[in-house]
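# Analysis of the macromolecular model
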Amino acid sequence: MFNIDSLLNKVNLPLGEETYREPLSILLKDYENHSNLTRLGSLSVQRGLVKTLQSRGRLFQFINNNNLEEPSSPIIVSGLPRSGTTYLFDLLHCSDKFRGPLTWEIFQMMPIANSRYQQIYKQIKTESELALLRTLVPKLKNIHRMRSVLPEECQLITALDFRSISFSYSSKVPEYASFINNCDYSSALLWHKRFLQALETTYKPNHWLLKDPCHIQHISEIISVYPEAKFVFIHRDPKDTIPSISSLSAHLRAAFSNTVDKQEIGQRSLSFWSKAIEDFLAQRTLINESNVIDINFNDFIDNPIDSTKTILKKFKLGFDAHTRVKMEMLINNKSQFGKSPHQYNLNDFSLTADQVNASFKSYIEKFGL
């Protein structure tokens, strides 16, 4: 059912460097051997893979047909998943100094929208896709709010090179998860850069604003592609983040698989992110101190505007009254959104506090968590 040649035949476009072949092959074997997908899940996976390959091919054509300049340098928000990175990302995006890749720009990558009509069409199409996803995963709106006009994280961009944890969240793909937990992301970031270059043909920002928890693991590759990148790391107790991301994965998998093994999800989440944090601690020293700032999750939640102001001041970007008003409106809208709380705990995934503390011992001690 999952055959790489049959997928490529449906695309029939040059795909550039063959860096996608190894991870895609591993992913397809996992879908066949481990995922236990429903009929709907299988159809959704195949459709998604073809769409990603088509986007890669069209982006490759666009890059080859245009002489594009280097993209603006990014400011990158990262940290363990479920650490408030999305909230911080959205607040920083209130500043007119930033451009973040919007959900509709990622979902409907190519061709680039050059008119208001094309933008509206892509937004409507994205909202319909999100509505279907919310129907299939009813709890998603309580866990990770997505809207077409909000910025979205980079894992949906690095998927162009089939190096993305998004595939692992929604299906049981153990060999693939191990591969992306240990592989080099240089080729994925090359495609990431190409996508930003393509978007910049509509307008070029002072800075790109990017976000992805997986960026904690790939600092060396990021600096290689974006030498002037600045980093904002937000830190939350892993005893809260690990069951939260496990819960998100369990809900996503339930929509597309016949079986959901919560113990397996918990163990793999713990293993994956403890390895990512080890890499983060080893690579963080590569960043010039003038280009990095650390934020405590609890301090951020207690006073989000002060935290974002501190970040902007650190990077000498300014903080004006207009930005403050937009942030206050976002905070007010968030408080009135009325979503049910996302409920999760370690026991649901056969994990203990001692296990998590042991796996993240150095990280917890370094950042006082």
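Residues numbered from 1 in each chain as written. Predicted model: local features only at pLDDT ≥ 70, side-chain atom pairs only at ≥ 80, totals over all residues. Heavy atoms only, no water.

## Considerations on the sheet that holds strand 2 (residues 98–99)
In a beta sheet, neighbouring strands pair by backbone hydrogen bonds and run either parallel or antiparallel. The sheet built from 5 strands is open, its strands ordered 2-3-1-4-5 with parallel pairing. In the strand order of this sheet, the two ends are held by strand 2 and strand 5 (292–296), each with one partner. Bridge count for strand 4 (residues 230–235) against strand 5 is 5 bridges, and the pairing is parallel. In the strand pairing of strand 5, H235 is matched with N296. Of the strands in this sheet, strand 1 (74–78), strand 2, strand 3 (207–211) and strand 4 touch helix 4 (residues 85–92), which is tilted by about 165° from strand 3. (Pairing = 2+ DSSP bridges. Helix = DSSP H or I, 4+ residues; strand = E, 2+ residues; numbered from the N terminus. Contact = heavy atoms within 4.5 Å. Axes fitted to C-alpha atoms, helices over the stretch in contact; angles between N-to-C directions.)

## Regarding the packing of helix 1 (residues 4–11) against helix 2 (residues 21–33)
One way to put it is that helix 1 packs onto helix 2 with a least axis distance of 10 Å and a crossing angle of 120°. Looking at the two axes, helix 1 sits oblique to helix 2. Two secondary-structure elements touch here, helix 1 through I4, L7 and L8 and helix 2 through R21, L24, S25 and L28. By residue class, the composition of the contact of helix 1 with helix 2 is 5 nonpolar, 1 polar and 1 charged. (Parallel < 35°, antiparallel > 145°, perpendicular 65-115°, else oblique. Nonpolar A, V, L, I, M, F, W, Y, C, P; charged D, E, K, R; others polar.)

## Quick notes on helix 1
Three or more residues of helix 1 are buried, namely I4, L7, L8 and V11. Down the axis of helix 1, the buried side of the element spans an arc of 95°, and every buried residue falls inside it. Along helix 1, exposed side chains directed more than 90 degrees from the buried face belong to N9 and K10. The inward-facing, buried residues of helix 1 contact helix 2 and helix 3 (39–65). N12 occupies a position one or two residues after helix 1 and carries a positive phi of about 55°. (Buried < 20%, exposed > 50% of the residue type's maximum accessible area, 1.4 Å probe, protein only. Arc of directions from axis to C-beta.)

## What about the packing of aromatic side chains?
Any pair of aromatic rings gets described here by the distance separating the centres and the angle formed by the planes. Within this structure, the stated rule accounts for 10 aromatic pairs. On the numbers, 5.8 Å between centres and 15° between planes, the contact of F162 with F167 is stacked. For F162, a relative accessible area of 0% corresponds to the buried category. Taking the relative accessible area as the measure of exposure, F167 reaches 10% and is therefore buried. (Phe/Tyr/Trp six-rings, centres within 6.5 Å; stacked < 30°, edge-to-face > 60°.)

## Structural notes on unusual backbone geometry
Cis geometry marks the peptide bond from M110 to P111, where omega comes out at 0°. With respect to the helices and strands, the residue P111 is situated in the loop between helix 5 (103–107) and helix 6 (116–136). Located in the positive-phi region is N36, a residue other than glycine, with phi close to 50°. Mapped onto the secondary structure, N36 falls in the loop between helix 2 and helix 3. Its identity is not glycine, yet R82 carries a phi of approximately 70°, on the positive side. One can find R82 in the loop between strand 1 and helix 4.

Limitation: the analysis is restricted to geometry and does not speak to function.
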